[in-house]
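Now for the letters of each chain:
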Amino acid sequence: KFHFRTILKDVKNTVVDDSRTVGGGPFELIYGRDFALPIWEKLIETMRIGEISRFTCHPKHVPTYFIVSSAWRRECESIRLGKEAPERTHTDLEKMRKDRKTHVAFEIELLEVLQPEEHGYALTLDDKDEAIGTLRELGKTAYAAKRFDEALERFDLALKYSYDLLDKEVMGSERWDKLSDRQLPLLLNVAR
C-alpha cells in the first residue's frame, strides 16, 4: 500500500493526482501480477516502508498512466458515492495521454507491504480452494474464544473464496455440486 502524487513536470508542476486528497485511501498494487503501469513496480521495489521518494519518468515509461488514473478515480468516486460511479472522460488525463514530451514525477510514500495470501484477489483458484478449510478452522477457533468479529471475518473470507470457485464452474457439474455442498457449513457459520 502506498500514497502517491503524480506531478507533471511542466511550468506549473501541475498535480494530476494525489491519493491523500481524493478520498479513496492508499493505493494497493499486487507486485508481480502484470500491473498496467509496470514502472510503479520498479520504483516501489527500491523503497523501504515509511520512505517517501520522488521519481521523475520519461513519458515513454508511463503510456498507460491515464488508464490507471481513470480507473482509480472512478473507484474513489464509487467509494464516496457508495455505489458504482459512471465512467468519465478526464480532460487532464486526455492531455497527458497526448503529450509525449512532458516528464512525469511520482512522489510515493510506501506504507505497507502485504504478502499475497493477505489479498484474496492475488491468490490463484487453487490457493483459494486450499485456504477455505484453514479459514473455517480459524473462524471456529475465534468463535470458541468469543472473538466474534474475527470469526465472522474468517468465515466471510472463506465464503467469498467459495463463491469465486463456484463462479468458475458449470452449474450442476460434479465439481460445482461438491463446492456448493462445501459452502453450506460456511453459510451456517456466518448465520450464527
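The shown structure was predicted, so the numbers you read here are calculated from the model rather than taken from an experiment.

The terminal C-alpha atoms of helix H7 (residues 174–191), which comprises 18 residues, lie 26 Å apart, in line with the 26 Å expected from a rise of 1.5 Å per residue. For H7, every residue scored as buried is listed here: Trp-176, Leu-179, Gln-183, Leu-186 and Asn-189. If you follow the buried residues of H7, they end up packed against helix H5 (125–144) and helix H6 (148–167).

Among the nonpolar cores identified, the biggest contains 26 residues, and Phe-2, Phe-27, Leu-37, Trp-40, Tyr-65, Phe-106 and Ile-108 are the most heavily contacted of them. Secondary-structure elements contributing two or more residues to this core are strand E1 (2–8), helix H2 (38–45), strand E3 (52–57), helix H3 (65–81), helix H4 (91–98) and strand E4 (104–110). Beyond its immediate chain neighbours, meaning those up to four positions away, Trp-40 contacts Phe-2, Phe-4, Phe-27, Leu-29, Phe-35, Tyr-65 and Phe-106. Counting residues in each nonpolar core, the second largest holds 11 residues, with Ala-131, Leu-135, Ala-158 and Leu-159 among its members.

Across the sheet, 4 strands lie side by side as E2-E1-E4-E3; this open sheet has antiparallel pairing. At either margin of the open sheet sits one strand with a lone partner, and together these are strand E2 (15–18) and E3. On average, adjacent strands in this sheet sit at an angle of 15 degrees to one another, irrespective of strand direction. Here H2 sits on the sheet in contact with E1, E3 and E4, set at roughly 50 degrees to E4. Of the strands in this sheet, E1, E2 and E4 touch H4, which is tilted by about 120 degrees from E2.

Here is what the cut-offs are and how they apply
Residues numbered from 1 in each chain as written. Predicted model: local features only at pLDDT ≥ 70, side-chain atom pairs only at ≥ 80, totals over all residues. Heavy atoms only, no water. Helix = DSSP H or I, 4+ residues; strand = E, 2+ residues; numbered from the N terminus. Expected span 1.5 Å × (residues − 1). Buried < 20%, exposed > 50% of the residue type's maximum accessible area, 1.4 Å probe, protein only. Contact = heavy atoms within 4.5 Å. Core = buried A, V, L, I, M, F, W, Y, C linked by side-chain atoms within 4.5 Å. Pairing = 2+ DSSP bridges. Axes fitted to C-alpha atoms, helices over the stretch in contact; angles between N-to-C directions.

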